[in-house]
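Structural characterization, general
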Amino acid sequence: MSQNVYEVGKASQLSRQYGPYVQADWGYANHWYPGVFSDEVAERGVVGITIGGHDIAISRDQNGKAWALSDRCIHKGVKLSLKPMCFADGTITCWYHGYTYNLESGNLDTIVGSPDDKLIDNARTRTYPTEEFAGIIWVFVGDEDYPTPPISTDLPIKVTDKPNAIPHLQDPRIITRGIRRKLYGNWRLAVENGLDPGHLLVHWDNQIIVALDRAMPLGMKALKEDATELLDFEDGPKGVMNRYDLPDNYAPVFENPKVPDIKARGKWMPEIFRVSAWVPATLMVENWPIPDYAQYEFYVPIDDHNHMYFEVIAYWGGTPDQDKEFDMKYEHFFKPLGLLDFNNNDIMAREATEEFYEKRDGWNNEQLSDLDFSVVAWRKHASKYGRGFFESPDFDEE
Amino acid sequence: MSSSMTTMEDPSGSSIRRVVLHFSDGESRTIEVAEGQEILAAAKARGVNLASQCTVGTCATCISQLLVGDAQPKPDVVTVLTSEEASRGQRLLCQTLAHSDAEFDMGYPSSLLLANPPVFFNAKIGRITRLAESVAEIEVKVPKTMRLKFTAGQYCRIRVPGTDDWRSYSMASGEHEPNKLTFLIRILPKGTMSDYLRDRAKAGDVLEMEGPLGSFVLEPTQRPHLLVAGGTGLAPMLSMIDRLRLLRPAPPIQLVFGCVKEADLFHLDELRARASFTPTLQVRISLEQDSTIPGVLKGNPVTVLSRTDAPEGTIAYLCGPPGMIAAAEQAMAGFGLSLSDVRSEQFLPS
């Protein structure tokens, strides 16, 4: 067996350490994911989404309750969401031949033009469990017979160790504003970019950093092996957190003599923005864009090369005047400077990474360094706690 | 209609018809069908899942040819079957009642009754890794136009390129990767597959394959699992562990993996990694010859076992050479495991 005919990537031994994560091209199945923002779906409205290859129609009944079911009509496979039609309470009707499904059970309740059809009550479409809070409709996606776990197991932990704790997604006092956009790039590259303590250079000249004169080191050097904390709550969420709040864990890098033309800048040092990543595909940034606020990000896998990027700013709801102030800040500060300018730089980085991982087997050919310690911790942790794997629903992808 | 008019169940059982289903591969199944029961439903009730879809007579997936006997469509039911087709003896089994014993030609092979019928396909070698002096790992890419669904423990046959020889290898990869299969292959000093791998194999080669095959299959349960593997018999165990670790709660898994000598030993890193992301997995490794590797036990995978490895309710899966299997089966019986809880697959060097 001559050595030269076997091309084995230089990272292939390391990648065995988190095999299940490397295999999760389409995302982890059997988890809760955000589907759409609440205000996107009107009563008797329908919005179509795709999560891990599952095409899902989200609708809202006459009582305001949100439901999710397969967005593929069982008859000829068209998407119900292409032309929303809800003619009777608690149902959704396919615009093509009138197959009408019960929103709750998925049962084929009737066919508009064939009321005595034998198929009626003898066929059903798939439904998905939903929840709605924090301005988001959440969907549990995976194997149809998988027992639905509580959604709290798939959300970032409630922060309790800080006096100015940011609102948990299930806290009834939370108010949120946000956007979602479909992006090119695998979901894992997005999570890793969000968590990555080594990519500060990308944000060096971003508007929000310069405008706030925010302190910006060149990097964060981990001082301990467990600088990234593994969070593993029994019957609770699983994640990893960069403990920038513990001075013993990290040392900021202010200069590098070999590159004299760039130095740390900025004077404003507010409450540290701790960053944590959570199974299945969520990021929590505390005290960002400014103290007492939080940014939640969800990198929901659509397929193996695209994800839906949710950027959500969360704050405590208060009086109508305070809520109005939040809206003002969101529209004219957080959204343009944070969600758009700042995060657009992250998006550029993710999209730029995709090609190498998609076509050049990046998982086995990347060259990691010390600054990837928290990404590797995340990969290992996520390997342990993914509940299953999404698979391509397509028979022919050529 | 008064209740006295309805037909009573005949206590002698004469209202039960025997219906024989003939498949195109020469196999047949006999099912008992009660008066008034659709043949498709009767088959399903007896665990025979015939090809079908709508079950109401509109899709014709369950169409079959009546050969012998009196079996008629249910009265007053409109189906997609034309009267001309019906007069030629074609029947939709979901809407057909047997009025006498009957026989049908199903027109498809009995393998379709399996969850994943075997198919022939070509797959490209993606990667070859020499794991030890005597072991190679190959990863093959299944064409994107298909998915090789299988059950952990099953195998594929692979034709050695340039020859008419076929060899069988269990999937080491998990059920969740139907487009990328991994196999562990023993490299012998001489052997048709060994010669190919040693001298000619390269990434990009196309392999002719058939699969999935085999009845050594995992039935995922939450009972304690004891997996005993010799050499490349580790392959099906890796696939089984991949499935078991996704159960909630995950069952306790004891893996005992043995090789003859250090030079044959492989996947120590892989097994350590598996244990790190599979909290319920415990791994022991044994070598028959003396070893300097820390933590490795002396002996074969059977001699290092003790009764405490098989707690109440244990189910055991064994894969390795014939001698190991025989010894392991004996050990399992000694631990009090019943025959039905010991599943084994043996392989011969080739």
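What you see is a predicted model; the values in this text were computed from it and never measured. (Residues numbered from 1 in each chain as written. Chains lettered and ligands numbered in written order. Predicted model: local features only at pLDDT ≥ 70, side-chain atom pairs only at ≥ 80, totals over all residues.)

Concerning the overall build of chain A
Looking only at helices and strands, one finds seven helices and 19 strands in chain A. Relative to the globule expectation of 21 Å for 398 residues, the C-alpha radius of gyration of chain A, 23 Å, shows essentially globular dimensions. Along the first, second and third principal axes, the C-alpha atoms of chain A reach 80 × 75 × 35 Å. In chain A, which comprises 398 residues, the proportion classed as buried is 40%. (Helix = DSSP H or I, 4+ residues; strand = E, 2+ residues; numbered from the N terminus. Rg over C-alpha atoms; globule rule 2.2 N^0.38 Å. Buried ≥ 20, exposed ≤ 12 C-beta atoms within 10 Å, placed from the backbone.)

As for the overall build of chain B
Helices and strands together make up the secondary structure of chain B, namely six helices and 17 strands. For 350 residues, the compact-globule formula gives about 20 Å, and the C-alpha radius of gyration of chain B, at 25 Å, lies well above that figure. For chain B, the spread of C-alpha atoms along the three principal axes comes to 85 × 50 × 30 Å. Counting every position in chain B, which comprises 350 residues, the buried fraction comes to 38%. Within chain B, counting contacts between residues at least 6 apart in sequence, those at least 24 apart form 68% of the total. (Contact = placed C-beta atoms within 7 Å.)

Observations regarding the confidence of the model for chain B
All names here are of chain B. Mean pLDDT over chain B stands at 91; residues scoring 70 or higher make up 95%. Every residue in residues 1-10 is under pLDDT 50, and counting partners more than four places away or in other chains gives two contacts. At the level of chain-chain contacts, confidence expressed as ipTM amounts to 0.85, with global pTM at 0.87. (pLDDT = per-residue confidence, 0-100.)

Some thoughts on the domain arrangement of chain B
Residue and element names in this part refer to chain B. We note that the domain assignment places domain 1 (12-113), domain 2 (119-213) and domain 3 (225-346) within chain B. Measuring from the centre of the C-alpha atoms in domain 2 to the corresponding centre in domain 3 gives 23 Å. Among the secondary structure elements, those contributing two or more residues to the side of domain 2 that touches domain 3 are β6 (119-132), β9 (166-170) and β10 (180-186). Of the residues forming the side of domain 2 that touches domain 3, the biggest block, four residues, is contributed by β10. Residue classes in the side of domain 2 that touches domain 3 are distributed as ten nonpolar, five polar and three charged. (Domains from an automatic or database assignment. Nonpolar A, V, L, I, M, F, W, Y, C, P; charged D, E, K, R; others polar.)

Description of the environment of Tyr99 of chain A
Residue and element names in this part refer to chain A. Position of Tyr99 among the secondary structure elements: in strand β6 (residues 99-102). Taking the C-alpha atoms as reference points, Tyr99 and Val112, 13 residues apart in sequence, are found 6.5 Å from one another. Those residues within four positions of Tyr99 in sequence are excluded, and the remaining contacts are Cys73, Ile74, His75, Cys94, Leu108 and Ile111.

Some words on the domain arrangement of chain A
Residue and element names in this part refer to chain A. Under the domain assignment used here, chain A contains domain 1 (36-130) and domain 2 (156-385). Each of domain 1 and domain 2 was reduced to a C-alpha centroid, and the two centroids are 36 Å apart. Taken together, the contacts link five residues of domain 1 with six residues of domain 2. For the side of domain 1 that touches domain 2, the residue count by class is two nonpolar, three polar and no charged.

A few points about the confidence of the model for chain A
Note: predicted coordinates in regions of low pLDDT should not be interpreted at a detailed level. In the predicted model, chain A carries a mean pLDDT of 93, and the fraction of residues at 70 or more is 97%. Within the model, the stretch residues 1-7 of chain A combines pLDDT values under 50 with seven contacts to residues more than four positions away or in other chains.

Looking at the sheet that holds β6 of chain A
What holds strands together in a sheet is hydrogen bonding between their backbones, with the strands either parallel or antiparallel. All names here are of chain A. Spatially, β5-β6-β7 is the arrangement adopted by the three strands of the open sheet, whose pairing is antiparallel. Every other strand in the sheet has two partners, leaving β5 (91-93) and β7 (108-111) as the edge strands with one partner each. Taking each pair of neighbouring strands and ignoring which way they run, the sheet shows an average axis angle of 20°. (Pairing = 2+ DSSP bridges. Axes fitted to C-alpha atoms, helices over the stretch in contact; angles between N-to-C directions.)

Concerning helix α4 (residues 234-244) of chain B
Because an α-helix packs 3.6 residues into every turn, residues spaced three or four apart end up facing the same way. Counting buried positions along α4 of chain B gives ten out of eleven residues, so the element sits mostly inside the fold. Within the sequence span of α4 of chain B, burial applies to Leu234, Ala235, Pro236, Met237, Leu238, Ser239, Met240, Ile241, Asp242 and Leu244 of chain B.

What to know about the packing of helix α3 (residues 187-195) of chain A against helix α5 (residues 320-359) of chain A
Residues and elements named next belong to chain A. Two numbers describe how α3 lies on α5: the axes approach to 9 Å, and their chain directions differ by 135°. Regarding the angle of α3 to α5, the classification is oblique. Once α3 is placed against α5, the crossing between them reads as right-handed. Taking contact as the criterion, the partners of Leu189, Ala190, Asn193 and Gly194 in α3 are, on α5, Asp346, Ala349, Arg350, Thr353, Glu354 and Tyr357. When the residues that make up the contact of α3 with α5 are grouped by side-chain class, the tally is four nonpolar, three polar and three charged. (Parallel < 35°, antiparallel > 145°, perpendicular 65-115°, else oblique. Left-handed = near helix turned anticlockwise from the far one by under 90°.)

Remarks on the pairing of strand β13 (residues 228-232) of chain A
Residue and element names in this part refer to chain A. Strand direction decides the pairing type here: β13 and strand β14 (residues 238-242), joined by five bridges, are antiparallel. Bridge pairing links Glu229 to Met241 in β14. Here β13 folds back onto β14, and the loop between the two strands holds five residues, one of which, Asp235, carries a positive phi near 55°.

Focus on the pairing of strand β4 (residues 66-70) of chain A
Residue and element names in this part refer to chain A. Counting buried positions along β4 gives five out of five residues, so the element sits mostly inside the fold. Looking at chain direction, strand β3 (residues 54-60) and β4 are connected through five bridges and run antiparallel. Along β4, the bridge assignment pairs Ile58 with Ala68. Hairpin connection, β3 to β4: the antiparallel pair is bridged by five residues, and Gly64 has positive phi, about 90°. Here β4 pairs with strand β8 (residues 127-128) via two bridges, running antiparallel. If you follow Leu69 over to β8, its bridge partner there is Thr127.

A short note on the sheet that holds β4 of chain A
Residue and element names in this part refer to chain A. On the basis of which strands lie adjacent, the open sheet formed by four strands has the order β2-β3-β4-β8 and antiparallel pairing. Each of the sheet's edge strands pairs with one partner strand only, and the pair in question is β2 (46-51) and β8. Where β2 and β3 come together, six bridges link them in antiparallel fashion. Each bridged residue has a counterpart across the sheet, and for Gly48 the counterpart in β3 is Ala57.

Structural notes on the interface of chain A and chain B
The interface of chain A with chain B comprises 25 residues on the first partner and 26 residues on the second. Looking at the side of chain A that touches chain B, the elements with two or more residues in it are α2 (19-23) and α7 (373-385) of chain A. Residue classes in the side of chain A that touches chain B are distributed as eight nonpolar, seven polar and ten charged.

Some thoughts on the environment of Leu50 of chain B
Residue and element names in this part refer to chain B. Inspection of the secondary structure assignment puts Leu50 in the loop between α1 (39-45) and β3 (63-73). The spacing of Leu50 and Leu305 is 255 residues in sequence and 43 Å in space, taken between C-alpha atoms. Not counting residues up to four positions away in its chain, the partners in contact with Leu50 are Leu40, Ala43, Cys62 and Leu93.

Considerations on α5 of chain A
All names here are of chain A. Its 40 residues give α5 an end-to-end C-alpha distance of only 51 Å, which falls more than 12% under 58 Å, the value for a rise of 1.5 Å per residue. A bend of about 55° at Phe334 is the largest found in α5, and the proline Pro336 appears one to four places after it. Buried within α5 we find Phe326, Tyr330, Phe334, Gly338, Leu339, Phe342, Asn343, Asp346, Arg350 and Tyr357. Here the buried face of α5 lies against β11 (174-184), α3, α4 (207-212), β19 (306-316) and α6 (362-365). In the segment just after α5, Asp361 is the residue with positive phi, at about 50°. (Expected span 1.5 Å × (residues − 1). Bend = angle between axes of the 7 residues up to and from the residue.)

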